[in-house]
Amino acid sequence: MGLEQWALDLAASPWIYLVMYLFAAIDGFFPPIPSESVVIALAALAVGPGGEPNLWVVVPVAALGAFTGDQIAFSIGRRVPVHRLRLFRSGRGQAALAWAERALERRGASFIIAARYIPVGRVAVNMTAGAVGFPRRRFTFLAAIAAVTWACYSTVIGVSAGAAFRDHSPLWGVVVGVVGGVVIGVVVDWALRRWLSRADPDGAAILEADESPAPTDPPQAPADEVRTPQHHGPHTR
């Protein structure tokens, strides 16, 4: 039971809100950070026996962190040539940027909100929004909506799992919530990509492109290196 008590003590610490905020903020411009899992886990613990952390604080702090991360991504897009960032140097990364640029041109508002639920997609869209000069005021409004809905979505998953295992160890609620969140996230990612692909078929084709470099033609010898018959002396009969 040491692990369970450690988890409950950690959830009761006021520092946990700062940790959650930082995870959500960093995830806005660095996708490998699992911010959804952190929010889901804390929401599951919030409805457990200890009642910590405070669920009414989890949602706004998670939303604020997500909003901050999206703003940072937008600012990076305005100041840094995003195509040169290591995160987007791969074929898939370049394809995501191309898709994001096309999406913003056609349906900026819906794509910014929907992209928040796609880890790499949201970074690509938000950075591209800054790079192409998308209006900052409008982006801020849309990013706020996206952050609040994302925080509520993650919290509902955690609360549902925590409530289902309230009579068991709180860690069961955390594990089921995080695993369930990953599964739901995959489904949401798939559904959103299908919806986005219907709205932008050309962009979907770009995203599905192979990451491997295009084949190159075999090297050919320069024309001046083509050998011609040489005469080494007068012919003899």
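The structure presented is a predicted model; accordingly, all values stated were derived computationally and were not measured.

What follows covers the pattern of salt bridges. Charged atoms that come close allow side chains of opposite charge to pair. In this structure the tally under the stated criterion is three salt bridges. Ionic pairing is found between R122 and D27, a salt bridge with its closest N-O pair at 2.3 Å. Of this pair, R122 sits in helix 6 (residues 119-131) while D27 is found in helix 2 (residues 15-27), placing the two residues 95 residues apart along the sequence. This pair shows no difference in class: R122 is buried, exactly as D27 is.

This next bit is on the confidence of the model for the protein. For the protein, per-residue confidence averages 76 on the pLDDT scale, and residues scoring 70 or more make up 68% of the total. By mean pLDDT, helix 9 (residues 201-207) is the weakest element of the protein at 47, and helix 4 (residues 55-79) is the strongest at 94. Counting contacts from residues 203-237, a segment whose pLDDT is below 50, to residues more than four positions away or on other chains yields 15 contacts.

Moving on to the packing of aromatic side chains. Evaluation of the coordinates by the stated rule reveals two aromatic pairs. On the basis of an interplanar angle of 80° and a centroid distance of 5.3 Å, the ring pair of Y117 and Y153 is categorised as edge-to-face. Taken as a pair, Y117 in the loop between helix 5 (91-115) and helix 6 and Y153 in helix 7 (residues 136-164) lie far apart in primary sequence, 36 residues in all. You can call Y117 buried: its relative accessible area is 19%. Directly above the ring of W150 sits R116, whose terminal nitrogen or CZ lies 5.0 Å from the centroid.

How each quantity is defined
- Residues numbered from 1 in each chain as written.
- Predicted model: local features only at pLDDT ≥ 70, side-chain atom pairs only at ≥ 80, totals over all residues.
- Heavy atoms only, no water.
- Salt bridge = Lys/Arg side-chain N within 4 Å of Asp/Glu carboxyl O.
- Helix = DSSP H or I, 4+ residues; strand = E, 2+ residues; numbered from the N terminus.
- Buried < 20%, exposed > 50% of the residue type's maximum accessible area, 1.4 Å probe, protein only.
- pLDDT = per-residue confidence, 0-100.
- Contact = heavy atoms within 4.5 Å.
- Phe/Tyr/Trp six-rings, centres within 6.5 Å; stacked < 30°, edge-to-face > 60°.
- Lys NZ or Arg CZ within 6 Å of the ring centre and 35° of its normal.

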